[in-house]
Amino acid sequence: MGRRKRNPSGTTSRWTIRAALVLVFALVAVACGGGGSSSESDGGGGTDEDAGPPQMGGKVVYGLEAETTDGWCLPEGQLAISGIQVARSIYDTLTTVNDEGEAVPFLAQSVEPNDDYTEWTIELREGIKFHDGSDLDAEVVKNNLDAYRGKYTGRNSVLFLFVLQDIADVTVEGPLTVKVTTSRPWVAFDSFLFSSGRMGMVAQAQLDSDACGRELVGTGPFKLVDWRVNSSMKLERNPDYWRTDADGNQLPYLDELEYQPTPEATQLQNGLDAGSVDAFHVSSNTNALIIEDLREQADSGDISMTESGDFAEAGFLMLNVTKPPFDNPIAREAAAIAVDREEQNNVLNNGIPELANGPFAEGALGYTEDSGYPEYDPDRAKDLVTQYEEETGEQLEFTISAVQDTAVLQAVEFAKQYYEDAGMTVSVTSVEQSALITTAIEKNYQGITWRNYPGQDPDNLYVWWYGAGNPVNFMGFDDPEVNELLDQGRTTTDAAERQQIYEDLNKELNKEFYQLWASWTIWAVPAASDVHGMVGARPVGEDGVSTDGSSDYPGLALGVDPALIWREQ
């Protein structure tokens, strides 16, 4: 690839190929939470502050890395970052996140627990309406929560059915008051009302529609005009949106927002250069060298770019432990230590992304420098392959499923060499992103490229790792130690105790090699030099003003707040 000529080390093509293995773990966004560093916004002749106050009007074309072909019937949705970005344009969630990654009220005026965290009272803001003119009230919120937890006739919850299984009841306590009763103390329940931007409130008409995935009606900053699958989604400004900025200007700033799914990041970069795309998001997992190019463009003033490694997701190869060969821990360990990750990252990615040592990035609850993740050991990997074959009588061979992206597929193909050096046999198959998620849910894979665990409260990860027949533990393990730690984290209120619980969980996951870590993700949003306002999330004050006095949420793994995007006129 041309971009690899930028490698300053002058390494041989052999190492260029081998180094591509790091991208075998490059992936699909499924989302969750992390914590940490800081975002940067620069380029285009300066920062957003240099551009002056936000201006009203205009249109932005925003490129997405994937289409959400199943649509946005949110209680039934399976959204990656592209789907979340669109959802945040149409819908609002009851809570959002602040600069510390903590849940704070959004559509809700307040969300308060009782003393033992078994009851949560949600008080809604007054006067908020859906795009069809219907009211946001306690009844429609109850129906939404029931739909998400699989208790609403006509809707078939998939992922959230398990996520919300600790909800015992949802009741209407007043016109704007909803009470959620849980079956046990649930300390971080308010963060689930955000769920990485997935739990938007859907209008009653959409909730009851046979075309729920396509007839999108929310309270969000934009209204649906037209959606053509794999082509574009056109949105227009919601003139009755409930939020204002700090100067009293009603949000959103833009008149029009158009999303265009384009899986190839190089096409998006070319589109930005040509002016056919005004902004897009791109991650270091698959496109570190493109980010490096974009940094140079931003430094020269050709574009603007917002970048963040905060609340970072992890990129990894997910292993299916319900079928051979990865039902055998010998095979999992062999695969884990067959790769020199550090050298690969330096050669292929110029060391741009930081290597991950577990699911929790630095700064997140549960992060520990000593996570127990093993170092590269090719000799032991070969010994383990031999041991596996002697004990099972089978060759250690497997297939890696990956998203349809040129960079990812090339990397996966290159990656085969590392495994083959250790004596393994690897084949590769590719599908589009939505199909890849379905493949994971059905556990119809052996190894699959993935990206997940963006850093809010680790309790949000309960759904991905708990066993006991949990259908969305995509790896299929049922680890009693993991289950116990997850249960403790859910019900423990002491902060220090929770840190220790999730550090122990980090080490337990690494001991069993369920996931083979690649790097923590840097997200970047490059944009035309006259486009600004790429903010992860902004808490809302009591009066609906778009600030509660705290700083913006700096992460970009959950997309950006579309209400705050603006363009110079």
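Quick caveat: nothing in here was measured; it's all calculated off a predicted structure. (Residues numbered from 1 in each chain as written. Predicted model: local features only at pLDDT ≥ 70, side-chain atom pairs only at ≥ 80, totals over all residues. Heavy atoms only, no water.)

Enquirer: Looking at this model, I keep getting lost on the overall build of the protein. Mind explaining?
Expert: From N to C terminus, the protein includes 16 helices and 22 strands. Here the C-alpha atoms of the protein give a radius of gyration of 23 Å, agreeing with the 25 Å that 2.2 N^0.38 yields for 569 residues. Considered along the principal axes of its C-alpha atoms, the protein spans approximately 70 × 55 × 45 Å. Across the 569 residues of the protein, 61% fall into the buried class. Once local pairs closer than 6 in sequence are excluded, the contacts in the protein between residues at least 24 apart make up 76%. (Helix = DSSP H or I, 4+ residues; strand = E, 2+ residues; numbered from the N terminus. Rg over C-alpha atoms; globule rule 2.2 N^0.38 Å. Buried < 20%, exposed > 50% of the residue type's maximum accessible area, 1.4 Å probe, protein only. Contact = heavy atoms within 4.5 Å.)

Enquirer: Could you clarify how one ought to interpret unusual backbone geometry in this entry?
Expert: Trans is the common state for peptide bonds, and a negative phi is the common state for residues other than glycine. Residues Leu251 and Pro252 are joined by a peptide bond in cis, for which omega reads 0°. Along the chain, Pro252 falls in the loop between strand S10 (232-237) and strand S11 (256-261). Cis geometry marks the peptide bond from Pro324 to Pro325; its omega dihedral reads 0°. Topologically, Pro325 is positioned in the loop between strand S15 (314-319) and helix H9 (329-337).

Enquirer: What's the story with the pattern of salt bridges in this structure? I'm lost.
Expert: Two side chains that carry opposite charge are able to pair once their charged atoms sit near each other. Throughout the structure, instances matching the rule amount to 21 salt bridges. One salt bridge in this structure joins Arg295 and Glu307, with 2.4 Å as the shortest N-O distance. Pair noted here: Arg295 is in helix H8 (residues 284-299) and Glu307 is in strand S14 (residues 303-308), with a separation of 12 residues, a long-range link. With its nearest N and O atoms 3.5 Å apart, the salt bridge here joins Glu313 to Arg451. (Salt bridge = Lys/Arg side-chain N within 4 Å of Asp/Glu carboxyl O.)

Enquirer: I would appreciate a short explanation of the sheet that holds strand S16 (residues 397-403) in the present structure.
Expert: Backbone hydrogen bonds are what pair the strands of a sheet, in a parallel or an antiparallel way. Pairing is mixed in the open sheet, where five strands are placed in the order S17-S16-S18-S15-S19. This sheet does not close on itself; its edge strands, each paired only once, are strand S17 (425-431) and strand S19 (515-520). Averaged over all adjacent pairs, the angle separating strand axes in this sheet is 25°, with direction ignored. As defined by bridge partners, S15 adjoins strand S18 (residues 447-452) across six bridges and the pair is classed as antiparallel. Its bridge partner lying in S18, Gly315 is registered against Arg451. Contacts from helix H13 (residues 433-441) reach S15, S16, S17 and S18 within the one sheet, and its direction differs from that of S18 by about 110°. (Pairing = 2+ DSSP bridges. Axes fitted to C-alpha atoms, helices over the stretch in contact; angles between N-to-C directions.)

Enquirer: It is not clear to me how the pairing of strand S8 (residues 177-182) should be interpreted in this structure. Could you clarify?
Expert: For a regular strand, the rule is simple: side chains alternate between the two faces of the sheet. Here strand S6 (residues 119-124) pairs with S8 via five bridges, running antiparallel. Directly across from Ile122, in S8, lies its bridge partner Val178. In this sheet, S8 lies alongside strand S7 (residues 167-174) in antiparallel orientation, the contact comprising six bridges. Counterpart to Ile167 in the pairing with S8 is Thr182.

Enquirer: Sorry if this is basic, but what is going on with the sheet that holds S8 here?
Expert: Spatially, S5-S6-S8-S7 is the arrangement adopted by the four strands of the open sheet, whose pairing is antiparallel. On the outer flanks of this sheet lie strand S5 (108-113) and S7, each paired with one strand and no other. With strand direction ignored, the average angle separating the axes of adjacent strands in the sheet is 15°. Bridge count between S5 and S6: five bridges; the pairing is antiparallel. The residue of S6 that forms the bridge with Glu112 is Thr121. Strands in contact with helix H3 (residues 138-148) are S6, S7 and S8; relative to S7, the strand with the most contacts, it is inclined by about 170°.

Enquirer: Whenever I open this one, helix H15 (residues 480-491) confuses me. Can you help?
Expert: Within an α-helix, residues lying three or four positions from one another point in the same direction, as the helix has 3.6 residues per turn. Across its 12 residues, H15 extends 17 Å between first and last C-alpha, which sits within 8% of the 16 Å expected from 1.5 Å per residue. Looking at the buried positions of H15, the neighbouring elements they touch are helix H4 (160-163), helix H5 (189-192), helix H14 (462-465) and helix H16 (495-512). One side-chain oxygen of the residue at the start of H15 lies 2.9 Å from the amide nitrogen of Glu481, identifying that residue as Asp479. (Expected span 1.5 Å × (residues − 1). Polar contact = N/O pair within 3.5 Å; in protein donor to acceptor, adjacent residues only side chain to side chain.)

Enquirer: Please explain the pairing of S11 as it appears in this structure.
Expert: Relative to S11, strand S2 (residues 59-64) is paired through six bridges, and the arrangement is parallel. Residue Val60 lies in a different strand from S11, and its bridge partner there is Leu257. With four bridges connecting them, S10 and S11 associate as antiparallel partners. Bridge pairing in S11 links Lys234 to Glu258.

Enquirer: I would appreciate a short explanation of H3 in the present structure.
Expert: For H3, a buried count of 10 out of 11 residues is recorded, marking the element as mostly surrounded by other parts of the structure. Restricting attention to buried positions, one finds in H3 the residues Ala138, Val140, Val141, Lys142, Asn143, Asn144, Leu145, Asp146, Ala147 and Tyr148. In this fold, the buried residues of H3 make contact with S6, H4, S7, S8 and helix H6 (204-207). At the N-terminal boundary of H3, the capping side chain belongs to Asp137, with an oxygen 3.3 Å from the backbone nitrogen of Glu139. Just past H3, the residue Gly150 takes up positive phi, approximately 80°.

Enquirer: Honestly, the confidence of the model for the protein in this entry has me stumped. Any pointers?
Expert: Reading predicted coordinates in detail is not appropriate for stretches of low pLDDT. On average, residues of the protein score 88 in pLDDT, and 91% of them reach the 70 mark or higher. In this model residues 1-39 is a low-confidence stretch, pLDDT under 50, and it forms 157 contacts with partners more than four residues away in sequence or in other chains. Confidence drops under pLDDT 50 across residues 41-46; counting only partners more than four residues distant or on other chains, this segment forms 19 contacts. (pLDDT = per-residue confidence, 0-100.)

Enquirer: Even after reading the chapter, I still don't get a negative patch on the surface, so can you show me in this structure?
Expert: A surface patch of like charges, here negative, comprises Asp115, Asp116, Glu119 and Glu173. In this structure, Asp116 sits in the loop between S5 and S6. (Patch = residues over 30% accessible without salt bridge, like charges linked within 9 Å, V, L, I, M, F, W, Y side chains within 5 Å. Areas by Shrake-Rupley, 256 points an atom, 1.4 Å probe, with all protein chains shown as cover. Lys, Arg positive; Asp, Glu negative; His and termini not counted. Charge placed at Lys NZ, Arg CZ, Asp CG, Glu CD.)

Enquirer: Help me understand the packing of H9 against helix H11 (residues 378-392), please; the structure alone is not making it clear to me.
Expert: Two quantities define a packed helix pair, namely the angle between the helix axes and the distance between the axes. Running from N to C, H9 and H11 cross one another at 155°; their axes reach a closest spacing of 8 Å. When the axes of H9 and H11 are compared, the pair comes out roughly antiparallel. As H9 runs across H11, the sense of the crossing is left-handed. Residues Ile330, Ala331, Glu333, Ala334 and Ile337 of H9 lie in contact with H11, whose contacting residues are Pro378, Arg380, Ala381, Leu384, Val385, Gln387, Tyr388 and Glu391. (Parallel < 35°, antiparallel > 145°, perpendicular 65-115°, else oblique. Left-handed = near helix turned anticlockwise from the far one by under 90°.)

Enquirer: Just checking my understanding: could you explain the side chain of Glu313 for this structure?
Expert: The topology assignment puts Glu313 in the loop between S14 and S15. The exposure class of Glu313 is buried, given its relative accessible area of 1%. Looking at Glu313, its side chain comes within polar contact range of the side chain of Arg451, at 3.5 Å.

Enquirer: Would you explain the packing of helix H7 (residues 265-274) against H8 in this entry?
Expert: H8 packs onto H7 with a crossing angle of 15° between their chain directions and a minimal axis gap of 10 Å. In terms of axis orientation, H7 runs roughly parallel to H8. Between H7 and H8 the crossing geometry is left-handed. Taking contact as the criterion, the partners of Ala265, Thr266, Gln269 and Asp273 in H7 are, on H8, Asn287, Ile290, Asp293, Leu294 and Gln297.

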